[in-house]
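An overview of the molecular structure
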Amino acid sequence: MAVMPIVWAPDPVLKTKCTQVSEINDNILSLMEDMLETMYQAPGIGLAAPQVGVKQRIIVVDCSPKNEAPKPYRMINPELVSVSKELTTQEEGCLSLPGFYAEVTRPAEARVRYTDEKNKQQTIDVDGLLSVCIQHEIDHLNGILFVDHLSSLKRNMILKKMVKAKKEQVH
Ligand code: NI
């Protein structure tokens, strides 16, 4: 396993609609392990493939409480089958926008279908933090960041600061 560099916004790879994974091979399996290691090390609770520069529909998530055993999800081609009418507003952050947080409103519950690392189709019903996290990560696969759910004023303010932060990181 290896920790991968995380792409910071703004970056074209984070605005890309990612492609379906057609075959689960060793490359995909080892990518998911690297993504988990990268996520845990950050630390974060979710990571999508485009955040490590890979334009494929893969996410990893672990929303288990700190004092409990890890519960990693490896999701290939995840999709929202349905979402609740009921909404929830939670503060979100993103490893591609380090240091920035904002309240985002999303459906509270979701039914998610995906292929797991054993090539099995899974359908799960999620709520709470796990629901928010999976929706956030699926957004990434469609080129959508949490700041895209905010007003353009707030979004542009955050992205401007990110441009500055990236410049300072390069120097
Ligand atoms: Ni994110």
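All of the points below concern the structure found in this document. (Residues numbered from 1 in each chain as written. Predicted model: local features only at pLDDT ≥ 70, side-chain atom pairs only at ≥ 80, totals over all residues. Heavy atoms only, no water.)

Next up on the list: the coordination of the nickel ion. For the nickel ion, the protein coordination sphere consists of C94 (SG), H136 (NE2) and H140 (NE2), at 2.1 to 2.3 Å. Mapping the donors of the nickel ion onto the primary sequence yields the spacing C-x41-H-x3-H. Note that H136 and H140 are positioned in helix 2 (residues 128-141) at a spacing of four residues, about one turn of the helix. Per residue, the accessibility class of H136 equals that of H140, and both read buried. (Donors = N, O, S within 2.8 Å, 3.2 Å for Na, K, Ca; no water. Helix = DSSP H or I, 4+ residues; strand = E, 2+ residues; numbered from the N terminus. Buried < 20%, exposed > 50% of the residue type's maximum accessible area, 1.4 Å probe, protein only.)

Glancing now at the layout of surface pockets. Of the pockets and cavities examined, the largest pocket occupies roughly 770 Å³. Along the walls of the largest pocket sit 32 residues, with P43, G44, I45, G46 and L95 positioned nearest its centre. Listing elements by their share of the lining of the largest pocket, those giving two or more residues are helix 1 (26-41), strand 4 (87-92) and helix 2. Per-element tally for the lining of the largest pocket: the top contributor is helix 2, with six residues. (1 Å grid on protein atoms, 1.4 Å probe; cavity = no way out; pocket = protein on both sides within 12 Å on 5 of 7 lines; lining within 4 Å. Points joined across faces, edges and corners; volume = space filled by probe spheres on them.)

The next thing to look at is the side chain of T16. Here T16 is to be found in the segment before helix 1. Given the relative accessible area of 18%, T16 is considered buried. A distance of 3.0 Å separates a polar side-chain atom of T16 from the backbone oxygen of P12. Other than its neighbours up to four places away in sequence, T16 contacts K55, H140, L141, N142 and G143. (Polar contact = N/O pair within 3.5 Å; in protein donor to acceptor, adjacent residues only side chain to side chain. Contact = heavy atoms within 4.5 Å.)

On to the pattern of salt bridges. Summed over the entire model, instances satisfying the criterion amount to eight salt bridges. In this structure, K15 and D148 form a salt bridge, with 2.9 Å as the shortest nitrogen-oxygen distance. Taken together, the positions of K15 in the segment before helix 1 and D148 in the loop between helix 2 and helix 3 (152-170) put the pair 133 residues apart, joining distant regions of the chain. Between E117 and R74 there is a salt bridge, and its shortest N-O distance comes to 3.9 Å. With a gap of 43 residues between them, E117 in the loop between strand 6 (110-115) and strand 7 (121-126) and R74 in strand 3 (residues 73-83) connect regions that are remote in the sequence. (Salt bridge = Lys/Arg side-chain N within 4 Å of Asp/Glu carboxyl O.)

Right, let's talk about the sheet that holds strand 6 for a bit. Adjacent strands of a sheet form backbone hydrogen bonds with each other and so pair up, either parallel or antiparallel. Ordered by their spatial adjacency, five strands build an open sheet running 1-2-3-6-7, and the pairing between neighbours is antiparallel. Since the sheet does not close on itself, it has two edges, and those belong to strand 1 (46-48) and strand 7, each with one partner. Strand-to-strand, the axes of this sheet are offset by a mean angle of 40°, without reference to chain direction. Looking at chain direction, strand 1 and strand 2 (residues 58-61) are connected through three bridges and run antiparallel. Of the residues in strand 2, the one forming a bridge with G46 is V61. Set on the sheet, helix 1 makes contact with strand 1, strand 2 and strand 3; between it and strand 2 the angle comes to about 40°. Its contacts with the sheet place helix 2 against strand 1, strand 2, strand 3, strand 6 and strand 7, and it is angled at close to 155° to strand 2. (Pairing = 2+ DSSP bridges. Axes fitted to C-alpha atoms, helices over the stretch in contact; angles between N-to-C directions.)

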